[in-house]
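Reading the structure
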Amino acid sequence: GAGVSQSPRYKVAKRGQDVALRCDPISGHVSLFWYQQALGQGPEFLTYFQNEAQLDKSGLPSDRFFAERPEGSVSTLKIQRTQQEDSAVYLCASSLGPIRGRGQPQHFGDGTRLSIL
Amino acid sequence: DQQVKQNSPSLSVQEGRISILNCDYTNSMFDYFLWYKKYPAEGPTFLISISSIKDKNEDGRFTVFLNKSAKHLSLHIVPSQPGDSAVYFCAASGPNDMRFGAGTRLTVKP
């Protein structure tokens, strides 16, 4: 498809397990973002990639969260030793240019709903 | 800290009437503002944006107004249609980041 694709759509894990969430951005999009969205809240920034370079990871809530985009296309968000507070929808977005701000619209995937039991 | 606020969690309007969604921001470094629309179980989709050098941008039934001195923007939908029922997120963009409000759930009744 032509949009941002995320997998899995739903993930249930037991507390303490590791999980990996995948994002396939729109082909050719330079910028890639990960967001965390809690129930009833807006997306909260986690991390930003420009091609394969992770330029900002200031939003990652702890060192249990790790993201990579090794070839500048597909990205993976990994959460180690999951905790109940990690339960949320994780959204991936991509945009065409290398400019992070300046109003450049981001194209979002449908998200991965993560539930930690 | 909430730099972008949408103080109305929900709004209900009659089909054909105007919907007005409001958004306030605190950071004067924001220079672009965007509205996204989100249906259940889908990601947000971009709707309309405005640069801080403008005070109005119109696209069909959707108009965004910006009041820089008040750090306030609004989205007007005229006429509202049942298909407009969704959650609307306001976003503010600076040189290096984008922040989102908590969203307003719009319900347009037939």
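No experiment lies behind these values; they were computed from the predicted model shown.

Attention now goes to the side chain of serine 52 of chain B. On the secondary structure map, serine 52 of chain B appears in the loop between strand 5 (45–51) and strand 6 (56–59). Look past the residues within four positions of serine 52 of chain B in its chain and what remains in contact with it is Asp31, Phe33, Leu66 and Lys68 of chain B.

What follows is about the layout of surface pockets. Taken as a whole, the largest pocket holds about 630 Å³ of empty space. Along the walls of the largest pocket sit 33 residues, with Gln37, Leu39 and Gly40 of chain A together with Lys38 and Arg105 of chain B positioned nearest its centre. Partitioned by chemical class, the residues of the lining of the largest pocket number 15 nonpolar, twelve polar and six charged. Computed from the structure, the second largest pocket encloses a volume of approximately 290 Å³. Forming the boundary of the second largest pocket are 20 residues, of which Pro43, Glu44 and Phe45 of chain A together with Arg99 and Phe100 of chain B lie nearest the centre. Looking at the lining of the second largest pocket, the elements that each hand over two or more residues are strand 5 (44–50) of chain A together with strand 10 (98–100) of chain B. A per-element tally of the lining of the second largest pocket places strand 10 of chain B first, with three residues.

Remark on secondary structure: sheet strands pair via backbone hydrogen bonds, oriented parallel or antiparallel. All names here are of chain A. A sheet is described by the order of its strands in space; here four strands give the open sequence 1-3-8-7, paired in antiparallel fashion. Both edges of this open sheet fall to strand 1 (5–7) and strand 7 (65–68), since each of them pairs with a single strand only. Taking each pair of neighbouring strands and ignoring which way they run, the sheet shows an average axis angle of 15°. As judged from the four bridges shared by strand 7 and strand 8 (residues 75–79), these two strands associate in the antiparallel manner.

Every contact between the two is made by 21 residues of chain B and, on the other side, 18 residues of chain A. Where chain B abuts chain A, roughly 1,500 Å² becomes buried across the two surfaces, and 54% of that area is made up of carbon and sulfur atoms. When the buried surface of chain B facing chain A is broken down by residue, Pro44, Met98 and Phe100 of chain B rank first, second and third, together holding 28% of it. Applying the counting rule to chain B against chain A returns three residue pairs in polar contact (both at pLDDT 80 or more). Take the side of chain B that touches chain A: its biggest share by element is four residues, from strand 4 (residues 32–38) of chain B. Classifying every residue of the side of chain B that touches chain A gives eleven nonpolar, six polar and four charged.

Moving on: a nonpolar patch on the surface. All names here are of chain B. Among the surface-exposed residues, Ile18, Ile20 and Val78 lie close enough to one another that they form a single nonpolar patch of about 220 Å² accessible area. Positionally, isoleucine 20 belongs in strand 3 (residues 19–25). What makes isoleucine 20 partly exposed here is its relative accessible area of 36%.

Glancing now at the sheet that holds strand 6 of chain B. All names here are of chain B. Taken in spatial order, the five strands line up as 1-3-8-7-6 in an open sheet, and their pairing is antiparallel. Every other strand in the sheet has two partners, leaving strand 1 (4–5) and strand 6 as the edge strands with one partner each. Relative to strand 3, strand 1 runs antiparallel, the two sharing two bridges. Bridging from a neighbouring strand, valine 4 pairs with tyrosine 25 of strand 3.

Definitions and cut-offs
Residues numbered from 1 in each chain as written. Chains lettered and ligands numbered in written order. Predicted model: local features only at pLDDT ≥ 70, side-chain atom pairs only at ≥ 80, totals over all residues. Heavy atoms only, no water. Helix = DSSP H or I, 4+ residues; strand = E, 2+ residues; numbered from the N terminus. Contact = heavy atoms within 4.5 Å. 1 Å grid on protein atoms, 1.4 Å probe; cavity = no way out; pocket = protein on both sides within 12 Å on 5 of 7 lines; lining within 4 Å. Points joined across faces, edges and corners; volume = space filled by probe spheres on them. Nonpolar A, V, L, I, M, F, W, Y, C, P; charged D, E, K, R; others polar. Pairing = 2+ DSSP bridges. Axes fitted to C-alpha atoms, helices over the stretch in contact; angles between N-to-C directions. Buried area = accessible area lost by both parts, 1.4 Å probe. Polar contact = N/O pair within 3.5 Å; in protein donor to acceptor, adjacent residues only side chain to side chain. Patch = residues over 30% accessible without salt bridge, like charges linked within 9 Å, V, L, I, M, F, W, Y side chains within 5 Å. Areas by Shrake-Rupley, 256 points an atom, 1.4 Å probe, with all protein chains shown as cover. Salt bridge = Lys/Arg side-chain N within 4 Å of Asp/Glu carboxyl O. Buried < 20%, exposed > 50% of the residue type's maximum accessible area, 1.4 Å probe, protein only.

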